[in-house]
Amino acid sequence: MNSTKKVAFYTLGCKLNFSETSTIARGFTDEGFDRVDFKEKADIYVINTCSVTENADKRFKTIVKQAQKNNPEAFVAAIGCYAQLKPEELADVNGVDLVLGATEKFKITDYLNDLSKNDFGEVHSCEIEEADFYVGSYSIGDRTRAFLKVQDGCDYKCTYCTIPLARGISRSDTMTNVLQNAKEISEQGIKEIVLTGVNIGDYGKGEFGNKKHEHTFLDLVTQLDKVEGIERLRISSIEPNLLKNETIDLVSKSRAFVPHFHVPLQSGSNDILKMMKRRYMKELYVDRVTKIKEVMPHACIGVDVIVGFPGETDELFLETYNFLSELDISYLHVFTYSERDNTEAADMEGAVYKNVRAKRSKMLRGLSAKKRRAFYEKQLDTTRTVLFEGENKEGYIHGFTENYVKVKAPWNPELVNTLHTVNLTEIDEDGLVRFDFVDTMIA
């Protein structure tokens with residue numbers, strides 16, 4: 001292949017997708033391609049798709065158009081979750097040349113024979129049962145933090161979710177691989193690693209999805225905590241029923257794990273949780289939050305919640321709203337329910353009107369803003385460590401404390417990717433926190 005061929009990537013969706021795009025991109029670089037920005041002219045455009053919301057589906061067409069505008073002759077490939085679920089639909093989009101499903105996406109360079117535009121999108125996708133091997137990956141999008149994939153797929157059968165259809169069974173990377181990847185990341189001067197996967201608390205099922213857990217999630221965090229050179233480790237999202245007391249205790253005493261948990265709830269009503277086929281009731285959720293706050297009162301707790309699920313009456317929504325209002329949490333990620341093909345929920349009765357879904361979503365986003373503000377207020381006059389980001393945002397540099405308080409200071413390039421001890425002083429009008437330096441400078 002001509003070594004001057006250029007490739008560009010666009011990633012939709014979650015942190016896991018970002019880590020996989022990075023790994024696939026490194027494969028292209030190894031084959032002699034130059035990676036360029038998606039806005040630039042390239043010979044190949046690779047779009048890593050997401051299937052979680054309707055919006056991600058619609059954005060796909062827009063992104064293909066953008067690629068064609070940059071270079072009408074370019075070869076366009078679609079990979080990822082949506083490519084697995086609806087390959088024919090993506091192949092029909094004008095301009096798409098290649099669609100690769102869950103198992104093929106990591107071998108994309110094998111499919112690029114002549115790079116000539118196809119009259120029709122070519123599809124290579126397996127039955128999802130064949131997605132039973134594990135490909136480890138990590139992303140280095142910026143110098144500050146990396147997303148490290150430790151697990152893929154899911155064995156849960158939540159009635160609203162397409163992820164098991166798009167990513168297959170739950171399977172994990174080997175401990176050796178994860179630790180090796182973590183070491184590679186730390187050697188590049190990156191200060192924070194975020195652990196990611198579809199259902200990371202389920203870590204330990206073999207790389208072929210075999211059910212024997214050689215290692216548990218607790219073993220994983222215990223070993224990662226010992227990797228030298230990593231200043232911070234963050235658990236991205238973990239199911240409440242898989243977040244064990246031992247893990248919470250480990251984080252509270254840990255060298256590198258930060259006091260920040262993101263724990264999906266989805267609904268504060270047990271009736272809805274049953275219809276969603278979640279694996280816990282809200283009482284267990286309260287128990288997890290209480291345990292975290294008991295050993296780490298300053299911990300930040302983020303919550304995923306879905307509004308407008310079929311059968312969610314006004315009363316049941318208010319039950320969720322009040323439940324979250326009383327809970328000692330720090331912020332919410334609010335998802336508006338959208339019907340997905342081939343899920344049980346799509347056929348359920350009691351569909352909620354779209355305008356009602358939107359109204360409920362707005363209410364919970366308002367509650368999230370109040371929760372975040374209250375959490376930030378509690379953190380004022382405390383001493384924390386901040387890791388500064390790399391971007392100049394209108395003359396300011398931003399950073400996050402270990403417990404996920406977002407801070408700002410006048411732009412200073414010397415602060416980029418450094419850790420500092422600070423004292424949090426006040427909340428600015430944009431909702432970010434100001435501080436005083438306690439240390440002179442830590443590199």
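Residues numbered from 1 in each chain as written. Predicted model: local features only at pLDDT ≥ 70, side-chain atom pairs only at ≥ 80, totals over all residues. Heavy atoms only, no water.

Take the overall build of the protein next. Secondary structure assignment for the protein yields twelve helices and 20 strands. The globule rule puts the C-alpha radius of gyration for 443 residues at 22 Å, and the 22 Å found for the protein is close to it. Once the C-alpha set of the protein is aligned to its principal axes, its extents read approximately 60 × 55 × 45 Å. Counting only residues that meet the buried cut, the protein has 55% of its 443 residues in that class. For the protein, long-range pairs separated by at least 24 residues make up 72% of all intrachain contacts whose partners lie at least 6 apart in sequence. For the protein, the exposed surface amounts to about 19,700 Å²; the carbon and sulfur share of it is 49%. Of the charged side chains in the protein, 58 are positive and 69 negative; the average position of the first set lies 3 Å away from that of the second. (Helix = DSSP H or I, 4+ residues; strand = E, 2+ residues; numbered from the N terminus. Rg over C-alpha atoms; globule rule 2.2 N^0.38 Å. Buried < 20%, exposed > 50% of the residue type's maximum accessible area, 1.4 Å probe, protein only. Contact = heavy atoms within 4.5 Å. Areas by Shrake-Rupley, 256 points an atom, 1.4 Å probe, with all protein chains shown as cover. Lys, Arg positive; Asp, Glu negative; His and termini not counted. Charge placed at Lys NZ, Arg CZ, Asp CG, Glu CD.)

On to helix H1 (residues 15-30), then. Here H1 is 16 residues long and its end C-alpha atoms lie 23 Å apart, about the 22 Å a rise of 1.5 Å per residue gives. Those residues of H1 that fall on the buried side of the exposure criterion are Leu16, Asn17, Ser19, Glu20, Thr21, Ser22, Thr23, Ile24, Ala25 and Phe28. Positive phi shows up at Gly32, right after H1, with a value of about 95°. (Expected span 1.5 Å × (residues − 1).)

In terms of burial, strand E8 (residues 145-149) is largely enclosed, as five of its five residues are buried. A two-sided burial pattern is seen for E8, the buried positions comprising Arg145, Phe147 and Lys149 on one face and Ala146 and Leu148 on the other. Pairing of strand E7 (residues 138-139) with E8 involves two bridges; the strand directions are antiparallel. Looking at E8, one finds that Ser139 is bridged to Phe147. Sheet analysis places E8 next to strand E11 (residues 192-196), joined by five bridges and oriented parallel. Among the inter-strand pairings, Lys149 is bridged to a residue of E11, identified as Thr196. (Pairing = 2+ DSSP bridges.)

It is worth spelling out the sheet that holds strand E12 (residues 232-235) at this point. With mixed pairing, the four strands of this open sheet are ordered in space as E7-E8-E11-E12. Because the sheet does not close on itself, it has two edges, and the strands there are E7 and E12. Two strands pair when backbone bridges link them, and E11 and E12 are joined in this way by four bridges, in the parallel orientation. Bridged to Val194 within E12 is Arg234. Sheet contacts for helix H6 (residues 175-186): E7, E8 and E11; angle to E8, the most-contacted strand, approximately 165°. (Axes fitted to C-alpha atoms, helices over the stretch in contact; angles between N-to-C directions.)

Moving on, we get to the packing of aromatic side chains. If you walk through the whole model with that rule in mind, you get 13 aromatic pairs. The interplanar angle of 50° and the centroid separation of 6.4 Å between the aromatic rings of Phe317 and Tyr321 together place this pair among those described as tilted. Pair noted here: Phe317 and Tyr321 are both in helix H11 (residues 314-326), with a separation of four residues, about one helical turn. Of the two residues, Phe317 and Tyr321, both sit in the buried class. On the numbers, 6.3 Å between centres and 45° between planes, the contact of Phe388 with Phe437 is tilted. In this pair, Phe388 sits in strand E16 (residues 383-388) while Phe437 sits in strand E20 (residues 433-437), placing the two residues 49 residues apart along the sequence. Given a relative accessible area of 0%, Phe388 falls into the buried group. In this structure Phe437 comes out as partly exposed when scored by relative accessible area, which is 40%. Linked through ring pairs, Phe9, Phe28 and Phe33 together constitute an aromatic cluster. Its guanidinium or amino end placed over the ring of Tyr138, Arg26 lies 4.2 Å from that ring's centre, counting from NZ or CZ. (Phe/Tyr/Trp six-rings, centres within 6.5 Å; stacked < 30°, edge-to-face > 60°. Lys NZ or Arg CZ within 6 Å of the ring centre and 35° of its normal.)

All right, on to the confidence of the model for the protein then. Residues with a pLDDT of 70 or more make up 92% of the protein, whose mean pLDDT is 90. Mean pLDDT values over the elements of the protein span from 68, in strand E6 (residues 122-124), up to 98, in helix H10 (residues 282-295). (pLDDT = per-residue confidence, 0-100.)

The next thing to look at is the sheet that holds strand E15 (residues 331-336). Ordered in space as E13-E14-E15, the three strands form an open sheet in which the pairing is parallel. Each edge of the open sheet is held by one strand with a lone partner, namely strand E13 (260-262) and E15. Strand-to-strand twist across the sheet, computed as the mean angle between neighbouring axes with direction ignored, equals 15°. Pairing geometry for E13 and strand E14 (residues 300-307), over three bridges, is parallel. Bridge pairing in E14 places Phe261 opposite Ile301. Contacts from helix H12 (residues 354-379) reach E14 and E15, with the element oriented near 170° to E15.

Counting residues in each nonpolar core, the largest one holds 52 residues, and the members touching the most others are Leu195, Leu324 and Leu364. When near neighbours in sequence (up to four residues on either side) are disregarded, Leu364 contacts Val305, Val307, Phe317, Tyr321, Leu324, Leu332 and Val334. Core analysis: the next-biggest nonpolar cluster, separate from the first, contains 22 residues, Tyr45, Ile63, Ala78 and Leu90 among them. (Core = buried A, V, L, I, M, F, W, Y, C linked by side-chain atoms within 4.5 Å.)

Now for the side chain of Gln151. With respect to the helices and strands, Gln151 occurs in strand E9 (residues 151-152). Side chain to side chain, Gln151 and Ser170 meet in a polar contact 3.1 Å long. Engagement of the side chain of Gln151 in a polar contact is seen with the backbone nitrogen of Asn199, the distance being 2.7 Å. (Polar contact = N/O pair within 3.5 Å; in protein donor to acceptor, adjacent residues only side chain to side chain.)

Summarising burial for strand E3 (residues 44-49): six of the six residues are buried, a large majority. Burial along E3 is two-sided: Ile44, Val46 and Asn48 facing one way and Tyr45, Ile47 and Thr49 facing the other are all buried. The sheet contact formed by strand E1 (residues 6-11) and E3 spans five bridges and is parallel. Bridge assignment links Tyr10 to a residue of E3, and that residue is Ile47.

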